[in-house]
Each structure stands twice: as structure tokens, then as C-alpha cells.
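Secondary and tertiary structure notes
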Amino acid sequence: MVNRQILEGRWNELKGKIKERWGLLTDNELSQAEGDTDQLIGLIQQKTGASREHIEDELEDLLATAASAAERVAENAREYVQRASSVAREQYAHAAESVREGYVQAEDVVRRHPAESVGVAFGVGLITGVVVGMLVRRS
């Protein structure tokens, strides 16, 4: 049997399904019955003439449908997060490997050409200092 807690907890999901199933119900009527199982069943009985048992069975089916849809959405979200996490880990590993390779190459160049490396570092530092100095004077 559909109880008040379940109906209240799933009201937003169910409201659209209820309107699809029992198109005679207005938004205003549904708003008045929000979360109140007895009032909702009475309203549907009044509009359709269906038995309470039949309406309860229909509501149970709607709840089951909504629950399975919510479970599918949750499962899809979990799968998406797992795939995104896996891709992020792969990209991180690739970037880390590229940085390691670059470091090893730079270290190798410095070992093979120490004087030139010091000269290049000095030149880059000098040019950087000049550019920063010009920017500071402009401000």
C-alpha cells in the first residue's frame, strides 16, 4: 500500500506520472492532495469511479516505475563518474610522465653542456629582468 512518507518523498517524480495516468486531474487538485494518500485516492475515485484497490495498485506501479527510473539515472551517473575518474587518472599519469621525460632531457643537456646552460639561464634571467623592469616603469 502506498503510504504518506513514500508519496511525500517521491511527490515531484509522481506528480507528472499521475497526470499522465489520470489526465482528468488538474494541477490545483494535485497540489491540494500533495503527499496525502487518502486525499489523492479519494480525488482519483471521485474523478474516475475506480476502486480504492485499483487506484492503490496503479500508484504502486507508478512508484515502482519512478524508482527504477531513478535507479537507472543513479547507475548512469555512477558509470559516468567512474569513466571520468579513469580518464583523469590516465591524463595525470601521461602528464606526469611527460614532465619526468622533460626533466631528464633538461638534466642531460645541462650535464653535456654546462657552460652553455649557465649562459642560457643567465641570458633568460637578464631578459626577464629587463622586461619586468619596463613593465614596472610603465605602471
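The rules behind each value
- Residues numbered from 1 in each chain as written.
- Predicted model: local features only at pLDDT ≥ 70, side-chain atom pairs only at ≥ 80, totals over all residues.
- Heavy atoms only, no water.
- Helix = DSSP H or I, 4+ residues; strand = E, 2+ residues; numbered from the N terminus.
- Rg over C-alpha atoms; globule rule 2.2 N^0.38 Å.
- Axes fitted to C-alpha atoms, helices over the stretch in contact; angles between N-to-C directions.
- Parallel < 35°, antiparallel > 145°, perpendicular 65-115°, else oblique.
- Left-handed = near helix turned anticlockwise from the far one by under 90°.
- Contact = heavy atoms within 4.5 Å.
- Nonpolar A, V, L, I, M, F, W, Y, C, P; charged D, E, K, R; others polar.
- Salt bridge = Lys/Arg side-chain N within 4 Å of Asp/Glu carboxyl O.
- Buried < 20%, exposed > 50% of the residue type's maximum accessible area, 1.4 Å probe, protein only.
- pLDDT = per-residue confidence, 0-100.

**A look at the overall build of the protein**
- Scanning the protein from terminus to terminus reveals six helices and zero strands.
- Secondary structure of the protein in N-to-C order comes out as α-α-α-α-α-α.
- Over its C-alpha atoms the protein spans a radius of gyration of 34 Å, topping by over 25% the 14 Å that the globule rule assigns to 139 residues.
- By its C-alpha atoms, the protein is 95 × 40 × 25 Å across when sized along the principal axes.

**With respect to the packing of helix α2 (residues 11-21) against helix α5 (residues 52-112)**
- At their nearest, the axes of α2 and α5 sit 10 Å apart, and the two run at 130° to each other. By the criterion of interaxial angle, the relationship of α2 to α5 is oblique. For the pair α2 and α5, the sense of crossing is right-handed. Only H54, E58, L59, L62, L63, T65, A66 and A70 of α5 make contact with α2, whose side of the interface consists of E13, L14, K17, I18 and R21.
- Residue composition of the contact of α2 with α5, grouped by class: seven nonpolar, two polar and four charged.

**Comments concerning the pattern of salt bridges**
- Throughout the structure, instances matching the rule amount to nine salt bridges.
- Of the charged contacts in the structure, one is a salt bridge between K19 and D27, with a shortest N-O distance of 2.8 Å.
- Overall, the relative accessible area of 32% leaves K19 in the partly exposed class.

**Describing the confidence of the model for the protein**
- In the predicted model, the protein carries a mean pLDDT of 86, and 93% of its residues have values of at least 70.
- By mean pLDDT, helix α1 (residues 4-9) is the weakest element of the protein at 59, and helix α6 (residues 114-138) is the strongest at 95.

**Examining the environment of E79**
- Residue position: E79 is located in helix α5.
- The sequence separation of E79 and E29 amounts to 50 residues, and the corresponding C-alpha distance is 39 Å.

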